[in-house]
Amino acid sequence: MDAAAISVSGLVKTFGHTRALDGLDLEVATGEIHGFLGPNGAGKSTTIRVLLGLLRADSGDATMLGGDPWRDAVALHRRLAYVPGDVNLWPNLSGGEVIDLLGSLRGGLDRHHRDELIDRFDLDPRKKARTYSKGNRQKVALVAALASDAELLILDEPTSGLDPLMETIFQDTLREIMAGGTRTVLLSSHILAQVEALCDRVTIIRLGHTVESGTLAELRHLTRTQVTVEADRPLTGLADLPGVHDLKLDHDRASFDVDTARLDDVVRYLATVGIRTLKSQPPTLEELFLRHYGDELAELEGVAERGDGDTP
Amino acid sequence: MTLAGTGKLIRFLLRVSRVRIALWIAGVALLVWSTAISVDRLYPTQADLDAAAAPLYGNTAVIAMLGPTFAIDTLGGQIVFQLGAFGFATMGLMGMFLVGRHTRADEEDGRTELLRATVVGRNAPVTAALLVATAAVAVTGVLITLVMLSVALPVEGSAVYGAAMAAFGISVSSPSGWRTAPWARTSPTSWGTTRRSRTSSPRARAA
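Since we're looking at a predicted model, the values are computed, not measured.

Trainee: Is there a simple way to think about the overall build of chain A in this case?
Mentor: Helix and strand content of chain A: 10 helices and 13 strands. Counting only C-alpha atoms, chain A reaches 70 × 50 × 45 Å along its principal axes. Across the 312 residues in chain A, those meeting the buried criterion constitute 50%. The contacts in chain A between residues at least 6 apart in sequence include a share of 68% that link residues at least 24 apart. Here chain A has roughly 14400 Å² of accessible surface; of this, 49% comes from carbon and sulfur atoms.

Trainee: Even after reading the chapter, I still don't get the packing of helix H5 (residues 134-146) of chain A against helix H6 (residues 164-178) of chain A, so can you show me in this structure?
Mentor: All names here are of chain A. Contact geometry for H5 and H6: axes closest at 12 Å, N-to-C directions at 10°. Of the possible angle classes, the one that applies to H5 and H6 is roughly parallel. In this structure, H5 uses Lys139, Leu142 and Leu146 to contact H6, whose residues at the interface are Met166, Phe170, Thr173, Leu174 and Ile177. Classifying every residue of the contact of H5 with H6 gives six nonpolar, one polar and one charged.

Trainee: Please clarify how the nonpolar core should be interpreted in this entry.
Mentor: In a soluble, globular protein the nonpolar side chains are often hidden away together inside. Core analysis: the biggest nonpolar cluster contains 90 residues, and A:Phe121, A:Leu153, A:Leu174 and B:Ile79 have the highest contact counts within it. Here this core takes 12 residues from helix H7 (residues 124-150) of chain B, the largest share from any one element. Contact partners of A:Leu153, with chain neighbours within four places excluded, come to A:Ala81, A:Ala145, A:Leu146, A:Leu174, A:Ile177, A:Thr184, A:Val185 and A:Leu186. Among the nonpolar cores identified, the runner-up in size contains 29 residues, and A:Ala42, A:Leu55, A:Ile154 and B:Ala117 belong to it.

Trainee: Even after reading the chapter, I still don't get the environment of A:Leu207, so can you show me in this structure?
Mentor: Structurally, A:Leu207 is set in the loop between strand E8 (201-206) and strand E9 (209-215). The spacing of A:Leu207 and A:Gly23 is 184 residues in sequence and 9.9 Å in space, taken between C-alpha atoms.

Trainee: Mind showing me how you'd approach H6(A) here?
Mentor: Helical geometry note: an α-helix holds 3.6 residues per turn, so side chains three or four residues apart project in the same direction. Residues and elements named next belong to chain A. The terminal C-alpha atoms of H6, which comprises 15 residues, lie 21 Å apart, in line with the 21 Å expected from a rise of 1.5 Å per residue. The complete set of buried residues in H6 reads Met166, Glu167, Ile169, Phe170, Gln171, Thr173, Leu174, Ile177 and Met178. Contacts from the buried residues of H6 go to strand E3 (33-37), helix H4 (111-120), H5, strand E6 (152-156), strand E7 (184-189) and helix H7 (192-198).

Trainee: Any chance you could explain the interface of chain A and chain B here in plain terms?
Mentor: By a frequent convention, interface size equals the accessible area lost on bringing the separate parts together. Each partner contributes residues to the interface: chain A has 30 residues there, and chain B has 25 residues. In total, about 2800 Å² of surface goes out of reach between chain A and chain B, with carbon and sulfur atoms giving 64% of it. Looking only at chain A, the three residues that lose the most surface to chain B are A:Val74, A:Trp90 and A:Leu105, adding up to 26% of its buried area. Our count for the contact surface shared by chain A and chain B stands at two salt bridges. B:Arg15 is paired through a salt bridge with A:Glu97; the nearest N and O atoms lie 2.2 Å apart.

Trainee: So what exactly am I meant to see when it comes to the packing of aromatic side chains here?
Mentor: Given two aromatic rings, one states the distance between the centres and the angle between the planes to describe the pair. A complete count under the given rule lists four aromatic pairs over all chains for this structure. Ring geometry for A:Trp90 versus B:Phe12: centroids 4.9 Å apart, planes at 85°, classification edge-to-face. Taken together, the residues A:Trp90 in the loop between strand E5 (80-83) and helix H3 (95-106) and B:Phe12 in helix H1 (residues 6-16) connect one chain to another. Here B:Phe88 and B:Phe168 contribute two aromatic rings whose centre-to-centre distance is 5.5 Å and whose plane-to-plane angle is 75°, an arrangement assigned as edge-to-face.

Trainee: Help me out: how do you make sense of the sheet that holds strand E1 (residues 4-15) of chain A in this one?
Mentor: The pairing of strands in a sheet happens through backbone hydrogen bonds and is either parallel or antiparallel. Residues and elements named next belong to chain A. With antiparallel pairing, the three strands of this open sheet are ordered in space as E2-E1-E4. The open sheet has two edge strands, strand E2 (18-29) and strand E4 (59-64), and neither has a second partner. Taken pair by pair, the neighbouring strands of this sheet meet at an average axis angle of 15°, ignoring direction. Relative to the sheet, helix H1 (residues 44-51) contacts E1, E2 and E4, its axis offset from that of E2 by approximately 65°.

Trainee: Would you mind going over H5(A) with me for this structure?
Mentor: All names here are of chain A. Look at H5: 18 Å from first C-alpha to last across 13 residues, which is about the 18 Å you get at 1.5 Å a residue. Most of H5 sits out of view: 11 of its 13 residues are buried. Taken together, the buried positions of H5 are occupied by Gly135, Arg137, Gln138, Lys139, Val140, Ala141, Leu142, Val143, Ala144, Ala145 and Leu146. Where H5 is buried, its residues meet E5, H3, H4, E6 and H6.

Trainee: What exactly am I supposed to notice about unusual backbone geometry here?
Mentor: Residues and elements named next belong to chain A. The backbone of Asp246 shows a phi angle near 50°, a positive value even though the residue is not glycine. Along the chain, Asp246 falls in strand E11 (residues 244-250). On the basis of relative accessibility, which here comes to 52%, the residue Asp246 falls in the exposed class. A positive phi angle, close to 60°, is found at His251, a residue other than glycine.

Trainee: Quick question: what am I supposed to make of the pairing of E1(A) here?
Mentor: Every regular strand shows the same layout, with side chains that alternate between the two sheet faces. Residue and element names in this part refer to chain A. With nine bridges joining them, E1 and E2 adopt antiparallel strand pairing. In the sheet register, Ser7 faces E2, and the bridge partner there is Glu27. The antiparallel hairpin formed by E1 and E2 contains two residues in its connecting segment, where Gly16 sits at a positive phi of about 60°. As defined by bridge partners, E1 adjoins E4 across five bridges and the pair is classed as antiparallel. Residue pairing in the sheet places Ser9 in a bridge with Asp61 of E4.

Scoring rules and cut-offs
Residues numbered from 1 in each chain as written. Chains lettered and ligands numbered in written order. Predicted model: local features only at pLDDT ≥ 70, side-chain atom pairs only at ≥ 80, totals over all residues. Heavy atoms only, no water. Helix = DSSP H or I, 4+ residues; strand = E, 2+ residues; numbered from the N terminus. Buried < 20%, exposed > 50% of the residue type's maximum accessible area, 1.4 Å probe, protein only. Contact = heavy atoms within 4.5 Å. Areas by Shrake-Rupley, 256 points an atom, 1.4 Å probe, with all protein chains shown as cover. Axes fitted to C-alpha atoms, helices over the stretch in contact; angles between N-to-C directions. Parallel < 35°, antiparallel > 145°, perpendicular 65-115°, else oblique. Nonpolar A, V, L, I, M, F, W, Y, C, P; charged D, E, K, R; others polar. Core = buried A, V, L, I, M, F, W, Y, C linked by side-chain atoms within 4.5 Å. Expected span 1.5 Å × (residues − 1). Buried area = accessible area lost by both parts, 1.4 Å probe. Salt bridge = Lys/Arg side-chain N within 4 Å of Asp/Glu carboxyl O. Phe/Tyr/Trp six-rings, centres within 6.5 Å; stacked < 30°, edge-to-face > 60°. Pairing = 2+ DSSP bridges.

Printed below as a string of C-alpha cells:
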C-alpha cells in the first residue's frame, strides 16, 4: 500500500485571471515532517485550503489519508488538525474556551496533554481572546492542534508571531509528538531555520507549481559550497576544474563556489598545492531558496534602489 | 454530511453571542412595549383614539413614514401604526446583523476557517447562523405578542402581529444568509458578496 499521507499532482486553482496553483505536485509520506516552502503568494495557503476541503481545485488530483479532500472533508477532518498562520479568535471567549471548543468540534482532546501544553507555551487560558497578542492567539491554535490525537497536522506558518523561545518549545513539542512515528506533519513555513531543524523532506513551490522536492540532503546536492582557500603554491589549476563558479583568484589565494557534488575533486586538487588555510561554508536552505527566488529578490532590490534606497 | 456539527455550532453561537442576542431581543421588545404602553396611556377612551386618528387619515407625510392608516381608531391599530415600518425595519436589522455577524464577519476574520477545519460540514456554519437568527427573531415575535396582550388587545390580532414581525425578520435574515453564504465561497473578495459576479463560473475567495 502506498504510504503517502498526502498526494497531490497537477493541482490547478484559478481565481479569476490569477492562477494561484498551476500544476502543483506534493507528496507527503506517512510519519514525516514535510516542509512546504515558498515566498508569499506562491500558493502554500491555497494548497492547504484545497487539502482542507475549503476550496475546490479546478483540476488535478489530491488524495489525503486515502480520501478525497473535498468529498470526504468531514470524515478526514476527524483525523487532522490545522493551525493557520494568522489566527483570529472570538474576542469574548477565553483562550481555554477556544481550545476546548475546537477540541470538542474535532471530537475530544486529551485534557492532560492540553494542560501540559498550555503550561509549556506559557499561555494564560483564562484571559479573553481580545486581550491576546498575535503570538498568544497563535499559541491557542497550536495547543488545540498539538493536544489533539490527529494523525495529520497541517500547519500553515504556525509560529508566526512567536518569540524564539516559543519557537524552540514548538520544535521540541513537535518532535515529541512525532516520536511514535505514526503521525504526519505538513509544515508550511518561510522560516528556513525551522524547516532545517524539523523537516525530513521539503517541497519548494513558486508561482503555484513545484520547483523542487526531496530530502534536505538531496536538495543540498543541488547547491554550491562556498570555499575560501590560501595555498603554498599558485592556484592556477582551479579554473579548469569542473563545478567551480565565481572564482576570484589572487595568485595563492582564491574564493569560489563549488557544486557540492564536485567538492571532492576540488579538495583533491587543493591537497596537491598545499593548503594553508581553508574555509568552507556548507550550503544552507537559505541559499537554495535564494537560488529559486533570486530573480524576485533582484527585482525587489531594483525597486528599493529606485525608491532612494530607504527600503531594505 | 455537509451539515455535520450544526448542533454543536448552534450551541457555540448562542454561547459566544448570548449578550448580543439578548440585547437585540430585549431592545426590540422594549421598543414595542414602550410604544404600546404610551399609546394605551395617551388615548384611554375611544374618543381619544378617534381624535388621534382623525388628522392622520390622508396625511401623506405620515403615511409615507409609517404605512397605511389601517384601523388606527382602535388601540391595536394605533400601536401598530405608530410602530409602523420602523418596527419591521428593526426586526429586519436584527435578523440581518445576527446572520452577518455569524457568517461574513467570522469568515472575513478567518474564524470560519478554523471551525471548518474541524469536523464541521460545509454548510454547517451558515445553517447554524440562520437557525440562531431565526430563533432569536421568533422569540422576539413571541415577546411582541405578549406585549400586545399586556395592554389587553385580542389574542388573535396580537399573535398575528407578533408572527408578522417575526416573519419579516426571518424573511430578511434568511435571504441575506443564503445569498451571502454561496457568494462568500464563490466571490473573490468580501465586497463581492454585494455585487453579482461577472463571470459565470464559480470563483472562490482568493487565499
